[in-house]
Structures are given as C-alpha cells and as structure tokens.
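In case you want the letters, here they are:
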Amino acid sequence: MSRFEGTDRYIATSDLKVAVNAAVALERPLLMKGEPGTGKTVLAYEIAKAFDAPLITWHVKSTTKAHNGLYEYDAVSRLRDSQLGEERVHDVRNYLKKGKLWEAFTAPARPVLLIDEIDKADIEFPNDLLQELDRMEFYVQETDETIRAEVRPIVIITSNNEKELPDAFLRRCFFHFIRFPDAETLSAIVDVHFPGIKPRLVSEALKTFYEIRDTPGLKKKPSTSELLDWLKLLLVEDIDAETLREKTPTKLIPPLHGALLKNEQDVHLFERLAFLNRREGSRPGG
C-alpha cells in the first residue's frame, strides 16, 4: 500500500504523516485527539482519498452504544409482520440492520472506517468495542454466524478530549495529538483555499486571528474553519490589510467578527476590552 503524504487539499505535518503511516503499518486504530477545528475528521476523508479507499463514517452521539456499530435486530417489526402473516418474517436477516463495523468488515475493498468523536458516548463505549476492533470479528446471535473482516480496515478514531478514554482501549491504538497549526501551516492552508490571495492581507488576518485566540478568558477559540470563513468574508467585502491593521480603541473588535466569535460571552469580552481601551485612551496623558 502507498504511504500517506497529505493531499492537495490537506496540508499534513511530518509528525502527522508518520502517525498515519505507522497506524496503517501496525494495523491498529489511529486515535486522533486535539481541539475542535484542527482537522481530525477531515483527515479521515483525505486518507480515504489518498489511498483510493471507500470511507465509512460512524458519527458517535451521547446515546450511541457499541452494539449499534455491529447490528440492530428489529424484533418489533418482525412481531408485527408475523401477526400480519408477512412472508418475509421467515428470514430473520430481513430484520437485521447492519452497523458501520459490519459494513467495514464486509466491504469489497479495504475501507477507511471513521469513528468520529468517540468521547461523546458513555465511558463504557470504547471498552465494549475492544474485542471487535482487536479481532476484527463479531458474532451474530440471530443467525448463528460470525462476521469477520478478510482485510483489516484502516480505522480512524477522533476525540475532542471531553472525557478520558479507558487504558485498555488506549493500549490498542496508535495515538496522535494534533496541535493547532502554526502561522506558517495556516498560511499554506489559506493558499490552498484562496489561491492568489494577497500575502499582506493573509499576514494581517493571521496576526489578528492569533491575537483573538490568545486573549485570556476566551470561552471558544476560533478554529481553522472560522478563519477560512472570515477570510472569505473579508474578500467579499473588499476589506484590505490596512483596515485590519488599525488598532484604535474604537476598532479593537475586528471587522466581521461574527465569523470568528461564536459565543455571546466572547463578544462581550471584546466589547469590555474595547471599552477599557477607550477609557484608558481618554485619560489625561493617555
């Protein structure tokens, strides 16, 4: 199999490339942690594209249970059909809904399986998947058969660090923490999405963006997706680098800040900072 080197739409750091290729070589799930917006979920899509593999996504919710990924047996529908005299009731397979693991294990080509935001589920969820992810098989009681993966899928698991994952689960994964991109990497990402954008505008926008992220007391730091949305609006409104560079007390909050600040508490924080700056500037000798 070829190695993952990133794609034309995904700028992969050297340590990320190492992590992906190591997990593929070891045939272990790749557990990706990092703050929201660092590209964990997108990575699975890009790995599938790079390896020309089908992508199967399992978006985990707070109510998700491990057995949902295997299969679900609809006993209620079968009971109703038996009362109605339906012919299909004689084959139990008509009432089995395949889960994402079943799909991945029986895919015709080696797939990429994304288990997204695993930390949203109950703490027992990862432990309940240990055997299936380890052995790449599970037993279907209703049909007395074992579903086994002929080729191990590439498994990508993401976590936003909302809760700690069990040690037994962590031991079976190859772990990588995605740090928030530095200015150089973000600049390269911007170039991919906005070819030909003026470097001065990008430079000033990134400076403002990181200043916002570094503001003490910020509840939700803007991520890469917010930066790209903001830059798109700056281009649409024809706002130039000089406008962004202005740092007067009345212009402390950047233009079109609604693309960056997604929480009323954070907007109020910047409004208070602007007020304090204006007050400091109005003092004699200020």
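Residues numbered from 1 in each chain as written. Predicted model: local features only at pLDDT ≥ 70, side-chain atom pairs only at ≥ 80, totals over all residues. Heavy atoms only, no water.

## A look at the pattern of salt bridges
Counted according to the given criterion, the structure contains 16 salt bridges. As a salt-bridge pair, glutamate 145 and arginine 93 come within 3.9 Å of each other at their nearest N and O atoms. Within this pair, whereas glutamate 145 is found in strand E7 (residues 145–148), its partner arginine 93 is found in the loop between helix H4 (75–84) and strand E4 (96–98), the two being separated by 52 residues in sequence. Accessibility expressed as a relative area gives 24% for glutamate 145, which makes it partly exposed. Relative accessible area serves as the criterion here: at 49%, arginine 93 is assigned to the partly exposed category. (Salt bridge = Lys/Arg side-chain N within 4 Å of Asp/Glu carboxyl O. Helix = DSSP H or I, 4+ residues; strand = E, 2+ residues; numbered from the N terminus. Buried < 20%, exposed > 50% of the residue type's maximum accessible area, 1.4 Å probe, protein only.)

## What to know about the packing of helix H9 (residues 183–193) against helix H10 (residues 199–213)
Put simply, H9 and H10 touch, their axes get as near as 11 Å, and they point 125 degrees apart. Judged by the angle between their axes, H9 and H10 are oblique. As H9 packs across H10, the resulting crossing turns out to be right-handed. Residue-level inspection shows Ala183, Leu186, Ser187 and Val190 of H9 in contact with H10, the latter providing Val202, Leu206, Phe209 and Tyr210. (Axes fitted to C-alpha atoms, helices over the stretch in contact; angles between N-to-C directions. Parallel < 35°, antiparallel > 145°, perpendicular 65-115°, else oblique. Left-handed = near helix turned anticlockwise from the far one by under 90°. Contact = heavy atoms within 4.5 Å.)

## Considering the packing of aromatic side chains
Under the criterion given, the structure shown has eight aromatic pairs. Each ring, one from tryptophan 102 and one from phenylalanine 138, has its centre 5.8 Å from the other, and the planes form 65 degrees; the classification is edge-to-face. On the criterion of sequence distance, the pair formed by tryptophan 102 in helix H5 (residues 100–105) and phenylalanine 138 in strand E6 (residues 137–140) is long-range, its members being 36 residues apart. When sorted by exposure, tryptophan 102 lands in the same class as phenylalanine 138, which is buried. Each ring, one from phenylalanine 105 and one from phenylalanine 138, has its centre 5.9 Å from the other, and the planes form 40 degrees; the classification is tilted. Residue phenylalanine 105 is found in helix H5, and its partner phenylalanine 138 is found in strand E6; the two are separated by 33 residues along the sequence. Assessed through its relative accessible area of 4%, phenylalanine 138 is described here as buried. One aromatic cluster in this structure is built from Tyr71, Trp102, Phe105 and Phe138. (Phe/Tyr/Trp six-rings, centres within 6.5 Å; stacked < 30°, edge-to-face > 60°.)

## Points about the sheet that holds strand E1 (residues 30–33)
Within the open sheet, the five strands sit side by side as E2-E5-E8-E1-E9. Their pairing is parallel. Unpaired on one side and paired on the other, strand E2 (55–59) and strand E9 (174–177) mark the two borders of the sheet. When the angles between neighbouring strand axes are averaged without regard to direction, this sheet yields 20 degrees. Sheet topology places E1 next to strand E8 (residues 154–159); four bridges connect them, and they run parallel. (Pairing = 2+ DSSP bridges.)

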